Amino acid sequence: MSTVAAATPRALWLDRLNLPIRPRPPLDGDRQTDVAIVGGGFSGLWTAYYLSRADPSLRIAVLERQHCGFGASGRNGGWACGELGGTTGGTIARYARRSSHTEAMRLIRALFDAVDEIGRVSQSERIDCDYAKGGTVRLARNAPQAKRQREEIDELRAQGFTEEEIRLLDAAEARRHLNATGVRSGILLAPSAALDPAKLVVGLAEVVEAAGVAIYEQTAVAGLGPRRVRTTHGTVTADVVVRATEAYTRDLAGQRRAVLPVYSLMIATEPLPADVIAEIGLPGRPTFSDDRHMVIYGQRTADDRIAFGGRGVPYLYGSRIDARTELDEPSHQLIHDTLVELLPPLAGARVTHRWGGVLAIPRDWLPGLRYDRVTGLGIFGGYVGTGVACANLAGRTMAELILGAETERTGLPWVGTIARRWAPEPFRWLGVRSSRRILRAADDREFRTDREARAAYRLSRILRGAGR
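Nothing here was measured: the structure is a model prediction, and the numbers come from that model.

Asker: Residue-level account of the packing of helix α2 (residues 42-54) against helix α5 (residues 101-124), with values.
Answerer: Where α2 meets α5, the closest approach of the two axes is 14 Å, and the angle between their N-to-C directions is 65°. The crossing of α2 and α5 is left-handed. For the pair formed by α2 and α5, the contact residues are W46, Y49 and Y50 on the first element and E117, I118 and V121 on the second. Split by residue class, the contact of α2 with α5 holds 5 nonpolar, no polar and 1 charged.

Right, here's the structure in full:
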């Protein structure tokens, strides 16, 4: 039996809620409302939250196919991180081409504020989501990674980021944050917090429902457009319709190529004894990763587990989403092996949970939102795995756009983004599968030889938003 085989096949966050998930009743016939929000994740619920706080008279309905937090919002790594769609420097450059460097910097710093906003709202609304603003530590564990970190910090300094926001760590300081193997250097991004995403999304749903927002769960949407949402339980007409379906957008008619659903899988250990925690570090509960091309990510939970995940499950032809892929045992075993290689003291720790889910990647790797005042249609999409903080900023901004307010957020350069559609099959499948193999081989080579895989690095920068 593999190390992960006996683990509970369910997200740690959802499994340890104080009360088990009991889906709310579905829509029970046609309804008319002011705002209809499709999707009960962070984007939809933050939109409902800020709308209901700004105008309590609004009739707002949230329509969710399963239950609030069923998708990525309840199953992610618990990073409220001040990053947007890939490498910070590359993302800045690309948003700057849409507007200006000043405006792109304003967007990133608005995202930094969103990390704090989540903490403020959680405290004021008494949502106990284990929020801890300890920053994010990214380790360099071979020479090519260390070189890329130095170049990145030089680039970010030139763009105007301060030492207080993001800085380079030498090997000794990086190990004090996380005592991993092979540490050469590290980067500390201060605007970042660890949290329990299920506690946050479930708590947020309860808060907006108490404010008068109608939440209909177990209600699949068959189609949506301006002023109208067709569901399996009736039709909702509304002045404003907001699509907040993230990776599940591919299930809507005509949207198969809108975003790319990419799987990310996670495991969680049992609560660790104090001596193990003391050995591996993570004081203040920073989230953590290293700078390999194939993304890994982890956090120390409030009860001293390590929740750890990574991407790399093969893309499914036709952008399929298949629940069986979320529990692919060899992939979970590989994640465990990666964690133990990173942190050997965890070799004997029992894995209690394993799970997975899909995130959405737009064709240009630039998250954004748009709202058409004429049709009343609002659309989110494509957070590229950084959705916890992004969704707060996006939901707050969407609410302001719907209300016709002009704020420091409504003019940010991610408002109005329209990504190109992904290529049709089989080109999409061939491209995604090929890039995955190249990047995995590059990681293997860099760890084995301590030499940079330059072609793969250029591909990685393109894929993560820094090369166009």
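Following the structure, the description resumes.
Asker: So what's going on with a positive patch on the surface? Residues and values would help.
Answerer: Judged by side-chain charge, R445, R448, R451, R454 and R458 come together as a positively charged surface patch. Of all the secondary structure elements, the ones that give two or more residues to the positive patch are α12 (427-449) and α13 (454-463). Within the secondary structure, R454 is located in helix α13.

Asker: Could you give me a rundown of the packing of aromatic side chains, with the residues and numbers involved?
Answerer: One pass over the full model with this rule turns up 8 aromatic pairs. For the pair W13 and W355, a centre-to-centre distance of 6.3 Å together with 75° between the ring planes defines the contact as edge-to-face. Taken together, the positions of W13 in helix α1 (residues 12-15) and W355 in strand β16 (residues 351-361) put the pair 342 residues apart, joining distant regions of the chain. The buried category is assigned to W355, whose relative accessible area is 2%. The side chain of R75 reaches across the aromatic face of F70, ending 4.7 Å from its centre. Sitting over the ring of F161, R109 keeps its end group 5.6 Å from the ring centre.

Asker: Quick one: what's the story with the pairing of strand β9 (residues 221-225), residue by residue and with numbers?
Answerer: Note that β9 and strand β10 (residues 228-231) share 4 bridges and pair antiparallel. Residue V221 lies in a different strand from β10, and its bridge partner there is T231.

Asker: Give me the side chain of H332: which residues, what numbers.
Answerer: Here H332 lies in helix α10 (residues 329-342). A residue is classified by how much of its surface remains accessible, and H332, at 0% relative accessible area, is buried. When sequence neighbours within four positions are dropped, the list of residues in contact with H332 reads V4, L265, M266, I267, E326, L327, R354 and W355.

Conventions adopted
- Residues numbered from 1 in each chain as written.
- Predicted model: local features only at pLDDT ≥ 70, side-chain atom pairs only at ≥ 80, totals over all residues.
- Heavy atoms only, no water.
- Axes fitted to C-alpha atoms, helices over the stretch in contact; angles between N-to-C directions.
- Helix = DSSP H or I, 4+ residues; strand = E, 2+ residues; numbered from the N terminus.
- Left-handed = near helix turned anticlockwise from the far one by under 90°.
- Contact = heavy atoms within 4.5 Å.
- Nonpolar A, V, L, I, M, F, W, Y, C, P; charged D, E, K, R; others polar.
- Patch = residues over 30% accessible without salt bridge, like charges linked within 9 Å, V, L, I, M, F, W, Y side chains within 5 Å.
- Areas by Shrake-Rupley, 256 points an atom, 1.4 Å probe, with all protein chains shown as cover.
- Salt bridge = Lys/Arg side-chain N within 4 Å of Asp/Glu carboxyl O.
- Lys, Arg positive; Asp, Glu negative; His and termini not counted.
- Charge placed at Lys NZ, Arg CZ, Asp CG, Glu CD.
- Phe/Tyr/Trp six-rings, centres within 6.5 Å; stacked < 30°, edge-to-face > 60°.
- Buried < 20%, exposed > 50% of the residue type's maximum accessible area, 1.4 Å probe, protein only.
- Lys NZ or Arg CZ within 6 Å of the ring centre and 35° of its normal.
- Pairing = 2+ DSSP bridges.

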